[in-house]
Amino acid sequence: MIKRLSKYLMPLMAVPVAFALGALGTVKADWPDRPLTMMIPYTAGGASDFQARIVTIPSEDELGQPVAIINRPGAGGQVGWNQFAAGARKDGSELAGYNVPHFIAQSIMHTTQYNKDNLEPVANWGADPAVLIVSRDSQFDTLEDLVEYAKANPGRVTVSGAGQFVGHHIATLQLERAAGIELRYVPTSGGVDAMRFVQGGQSMAGFNNLSDAYRARDRLKILAIADLERDEEFLPDVPTLKERGFDVDDTSVNFRGVMAPQGVPADRLEMLSEAFVNMFNDDRVKRRMSAGGSPLRVMNREETRALWDRQQQTLEQLFEGMEAN
Amino acid sequence: MTIWKQRIIAIASILVAAGLVVWSSPEARPGYEFPRMVAWTMLVLSAVLALMAFKPGKVVIPADIESVPMRIIWPMLVILAGMAYLAPRLGFLSTSFLVFVATALVFSPDRLGVRRIALVVAIAACFTVSLYLLFVLLLGVQLPRALLF
Amino acid sequence: MELLTYLPQVFSGVNILILVLGTIIGLLLGSMPGVSPTMAVALLIPFTFHMDSTAGLILLGVIYASTVAGGAVSAILINIPGAPANIATILDGHPMARNGRATEALHYCFISSGIGGILGVLVLIFFTPPLAELALRFGPSELFWVAILGVTVIGSLGSTSVLKGLIAGAFGIWISLIGFNPILGTERFVFSGHLQGGISIVPALIGLFAIPQVLYMVESAWRGQTGEQFQMEGRSIWQSVRYNLRRVRSLSLGSVVGAVVGLIPGAGGQIAGLLAYDQDKKFSGHPEKYGKGEPDGVIASESANNAMVGSSLVPMFSLGIPGSPTAAVLLGGLLIQGLFPGPDLFTQHASVVWTFLGALLCAQILLMVFGLYISSLSRFVIGIPKEYMAGAVAVLAIFGTYSVQHSFSDVLVMLVLGTGMYFFMRYGFSPGPVVLGIILGPIAEENLLQGLIIAPALDGPMPYFFTGTINLILIGLCVMSIGYSIYSELKIRSRRRAGERAGGAPEA
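An unreviewed UniProt entry annotates chain C as C4-dicarboxylate ABC transporter permease of Thioalkalivibrio denitrificans.

Here it is as structure tokens:
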């Protein structure tokens, strides 16, 4: 009886063993051996999500494996990034999208499990400046109109943005300080909602992503852009805040890219960085990104690291003396 | 008898709601206003429930309480807990196979024989394979890596 | 008329194949407990990379429509709603099945789904510009009142005691607030790392309905009842169609409420079925029959949640503002294809959009046909022995929960909530109000807080929340809804008292 049973059981047992051995063999020989995952801490359908899906389309050519996008939204990205920093596998197969300045600002102002030091940059794909928008039928036609009104009515100008301590919030803070005005910032749960507030007249103005504003440009007036230079490709006619005399730099520009948890072997990080840079420079990616008004800015691991360090410093200065409550 | 159970439920509900009120009222920290409102609402509702249950005189309360057949369902609770423990360690698919087999065998109304067990194992195998086809191959879900699959 | 110009493209080659396959796959996926429409659409997005934009869009749209309709199958047959949209369907659908009228219930469900769905798509085709403007008028104050209106529905959610329903609802709202404050971004009530992501709707829905059902199933398997083996009657489709078409009030009320609620930005779509069910019950001459297997309940709820599908795409196509979580995912699929919402979408990409709309219209008819066919197969589902069914549902619950966010914490939350709910159900609480609370809690809080930020810049909170046409209409509806609940509760109480007086020995 036992003999007969073991006759059936042996092949059954052999299957998982063979699989396990096979798996061990391939890990060393060529990696990655199965799809990578990339966690995006925002809802499916948002700008970060769909850009991540676009830029990873060529991954099968570059890495030999697809990249699966996983959405884990909540609290402006805190939920996803906390889980990522605390629990991601350290073999490089679990990656995440980052948004700078968001995650750095949150790590300064809130108690988070992540900061720029326990995460490893891989590559940067996009830079989406914040633009100041009002609805089509707004009383403001220029940036000066808005500033003047805000001076006369302190705290009466509502400005929507994609959440607390994201690029839009930082741009609002910077404009307040540079122009000496008091605005009322309304955080919403994402760029789409912030845009709805402006279009529906729930808020008088808003800071939003250039890409989203560009696509909705016939329903909006785009007053200014919070960057060092004008965006020549998509919005050549929109002035920067700086050239209108408000000292606002590019701290609020929303950089998007890929990162890994700390502890991934350096050679894998290098390999991933190279592969992702190639992906971001792929023609299919360029075409689809530019169709949606999403500016590309490809940076490798070193450049991204430098960006993070720079942003950390500027944000620490900006938030000095501010309460997170 | 049921009236006493209703009264116990009302008291328990008040205690839970009171606990939530306390939990939602940390000192001098913003961000708790709405949870506090909700907890107070629940407390008031529970108080009304208690009032109804303790009201003297003829009590009009629906008979909506059944006893819990712990004797019967405990193996299923064990299986569910085991599933939660094993799934990330052993692997989702192999755990599913085991859970299916265990549930079908433990709660089988018929007597267990070799044929019955073989049938259950075969059905469980088919079920697991279709789970794999549907979730992993068709929908591309990335199951966590574990000991077996 | 552009629709007719582009209609032939719907039936060309790949498109028709995707249309038919998508409908069938969507119905099957939707009818599986644990698989929600949002998850199905999100997971199928990568497929669209390999298709042209028309085919990709058709796939996503068709999957959306058919998973919502398919969700009613598990709701009716095994008392587990496939999506938040189907919660109202179980209230009368499952009692109908228990009374041996499962096929009939499924017939009504798919006929009403088809009719409601067609209305929703027609709204999308003909009224997009004006209705999109209406959708934009819903700001924080209006959405807050929508959430409150949703809460008032609890009274008719079929628990034996309205009070217990409200307590369960409050509890649901409270636990939905675990995690982060939506405005400040500060953490609260997180006593375990698994709760960091809070309690999200789909895991809660699966846990609260599926796990108690698993425990009920094993109990009846153990007792040797090979199912409450309710008999499946033979029911001719034509008989159902005739009856269904005569229920004009439920059908039209359901479709219109569904279409209106679908327009409201955000999570509005998830409560379309419940609001329609509630309204239909109130307008009915015999509200006491609801919850005991009243066909009108199924008709209202199912026509509403499919009418919601089309109209939730209205603000999405013209403004890029999705009317439901699933529409938000669909929006992502649209953007990847390089189709950007806005008025020029209909002119620049006329071929894609009108072919898609044509396909969506055809999908409603297809899902009605396939659905009616599936209804006749449902006796096999009911024939499955309970012990197999329990194991399968438990496993599907885990897979379905995990797949939403690839998060095992969600699975644990689902299991704990579900097991707890089983015990609460034994003490007279029902899962419907809890889920409703979990859906509405975050909407109410976020919009209340945003309103309180905006109000000081205008005329203060009181005028902000209590003036404006839409606000006043919504407040009126809330007051009516609460008033009606109290009235009917008192009526039921006095009737019970009278019954006891007549019947002698009280049973409490």
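1. Regarding the overall build of chain C
Per the secondary structure count, chain C includes 23 helices and 2 strands. Computed over the C-alpha atoms, the radius of gyration of chain C is 22 Å, within 12% of the 23 Å expected from 2.2 N^0.38 for a compact globule of 508 residues. By principal-axis analysis of the C-alpha atoms, chain C measures approximately 75 × 60 × 50 Å. Classification of the 508 residues of chain C by burial places 68% in the buried group. In chain C, once contacts between residues fewer than 6 apart in sequence are set aside, the share between residues at least 24 apart is 77%.

2. Comments concerning unusual backbone geometry
Residues and elements named next belong to chain A. Between Val100 and the following residue, Pro101, the backbone shows a cis peptide bond with an omega angle of 15 degrees. The residue Phe165 is not glycine, and still its phi comes out positive at about 60 degrees. With respect to the helices and strands, the residue Phe165 is situated in the loop between β6 (158–161) and α7 (167–179).

3. Thoughts on the sheet that holds strand β9 (residues 220–226) of chain A
Residues and elements named next belong to chain A. Spatial strand order, β7-β6-β8-β5-β9: 5 strands in an open sheet with mixed pairing. Two strands close off the open sheet at either side, each with one partner strand: β7 (184–187) and β9. Averaged over all pairs of adjacent strands, the angle between their axes in this sheet comes to 30 degrees, without regard to strand direction. As paired strands, strand β5 (residues 130–135) and strand β8 (residues 205–209) are joined by 4 bridges and run antiparallel to one another.

4. A short note on the pattern of salt bridges
Within the structure shown, the criterion is met by 27 salt bridges over all chains. Close ionic contact of Arg219 of chain A with Asp218 of chain A constitutes a salt bridge, the shortest N to O distance being 3.9 Å. With relative accessibility at 15%, the residue Arg219 of chain A sits in the buried group. As a salt-bridge pair, Lys282 of chain C and Asp278 of chain C come within 2.9 Å of each other at their nearest N and O atoms.

5. Some words on the nonpolar core
As a rule of thumb, soluble globular proteins bury nonpolar side chains together. Judged by nonpolar contacts, the single largest core of 280 residues is most densely connected at Phe276 of chain A, Phe135 of chain B together with Leu313, Phe317 and Leu357 of chain C. With 17 residues, the top contributor of residues to this core is helix α4 (residues 53–78) of chain C. Among the nonpolar cores identified, the runner-up in size contains 23 residues, and Leu132, Leu143, Ala205 and Phe207 of chain A belong to it.

6. As for the sheet that holds strand β3 (residues 94–100) of chain A
All names here are of chain A. Pairing is mixed in the open sheet, where 6 strands are placed in the order β2-β1-β3-β10-β4-β11. The sheet is open, and its two edges are formed by β2 (67–71) and β11 (296–299), each paired on a single side. Ignoring strand direction, the axes of neighbouring strands in this sheet form an average angle of 25 degrees. Pairing of strand β1 (residues 36–40) with β2 involves 5 bridges; the strand directions are parallel. Note on β2: the bridge partner recorded for Leu36 is Val67.

About the thresholds
Residues numbered from 1 in each chain as written. Chains lettered and ligands numbered in written order. Predicted model: local features only at pLDDT ≥ 70, side-chain atom pairs only at ≥ 80, totals over all residues. Heavy atoms only, no water. Helix = DSSP H or I, 4+ residues; strand = E, 2+ residues; numbered from the N terminus. Rg over C-alpha atoms; globule rule 2.2 N^0.38 Å. Buried < 20%, exposed > 50% of the residue type's maximum accessible area, 1.4 Å probe, protein only. Contact = heavy atoms within 4.5 Å. Pairing = 2+ DSSP bridges. Axes fitted to C-alpha atoms, helices over the stretch in contact; angles between N-to-C directions. Salt bridge = Lys/Arg side-chain N within 4 Å of Asp/Glu carboxyl O. Core = buried A, V, L, I, M, F, W, Y, C linked by side-chain atoms within 4.5 Å.

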